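This is what each chain is made of:
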Amino acid sequence: MDNPFDDDQGTFRVLINELQQRSLWPAHLEVPDGWTVEYPDCSRRQCLDYIEQNWTARS
């Protein structure tokens, strides 16, 4: 697997920034500046489901 973001078997977390934007993030990578962990380590599918359930559209 070349891209860790596409690893269906990997462990991920959901990050959030000050603009309330969420990002799927591989758990083994360092959290970038300006982001915090919102949803703890779990499967890629669980993180994507969480993001979908908590998505807020901006106008």
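Residues numbered from 1 in each chain as written. Predicted model: local features only at pLDDT ≥ 70, side-chain atom pairs only at ≥ 80, totals over all residues. Heavy atoms only, no water.

For the chain, an unreviewed UniProt entry supplies the name Protein mbtH and the organism Caballeronia zhejiangensis.

Trainee: Just to check I follow, could you spell out the environment of Arg45 for this structure?
Mentor: Note that Arg45 resides in helix 1 (residues 44-53). Judged by its relative accessible area of 48%, Arg45 is partly exposed. (Helix = DSSP H or I, 4+ residues; strand = E, 2+ residues; numbered from the N terminus. Buried < 20%, exposed > 50% of the residue type's maximum accessible area, 1.4 Å probe, protein only.)

Trainee: Can you walk me through the side chain of Asn17 in this structure?
Mentor: As for its placement among the helices and strands, Asn17 is situated in strand 1 (residues 11-17). In this structure Asn17 touches Gly34 and Trp35, once residues within four positions along its chain are discounted. (Contact = heavy atoms within 4.5 Å.)

Trainee: Where do I start with the state of the cysteines in this structure?
Mentor: Disulfide: a covalent bond connecting the sulfur atoms of a pair of cysteines. One pass over the structure, following the stated rule, counts zero disulfides. Here Cys42 is not disulfide-linked; the sulfur of Cys47 is the nearest cysteine sulfur, at 3.5 Å. Cys47 gets classed as buried once you look at its relative accessible area, which sits at 0%. (Disulfide = S-S within 2.5 Å.)

Trainee: What's the story with the sheet that holds strand 2 (residues 22-26) in this structure? I'm lost.
Mentor: Paired through their backbone hydrogen bonds, the strands of a sheet run either parallel or antiparallel. One open sheet accounts for three strands, arranged 2-1-3; its pairing is antiparallel. Strands at the two margins of the open sheet, each flanked by one partner only, are strand 2 and strand 3 (35-43). Sheet twist, expressed as the mean angle between neighbouring strand axes with direction ignored, is 25 degrees. Two strands pair when backbone bridges link them, and strand 1 and strand 2 are joined in this way by five bridges, in the antiparallel orientation. Directly across from Phe12, in strand 2, lies its bridge partner Pro26. Across the sheet, helix 1 lies against strand 1, strand 2 and strand 3, angled at about 130 degrees from strand 3, the strand it touches most. (Pairing = 2+ DSSP bridges. Axes fitted to C-alpha atoms, helices over the stretch in contact; angles between N-to-C directions.)

Trainee: Hey, could you run me through the nonpolar core in this one?
Mentor: Looking at soluble globular proteins, one finds that nonpolar side chains tend to be buried together. Counting seven residues, the largest nonpolar core consists of Phe12, Val14, Leu24, Cys42, Cys47, Tyr50 and Ile51. Elements represented by at least two residues in this core include exactly strand 1 and helix 1. With three residues, helix 1 is the single largest residue contributor to this core. (Core = buried A, V, L, I, M, F, W, Y, C linked by side-chain atoms within 4.5 Å.)

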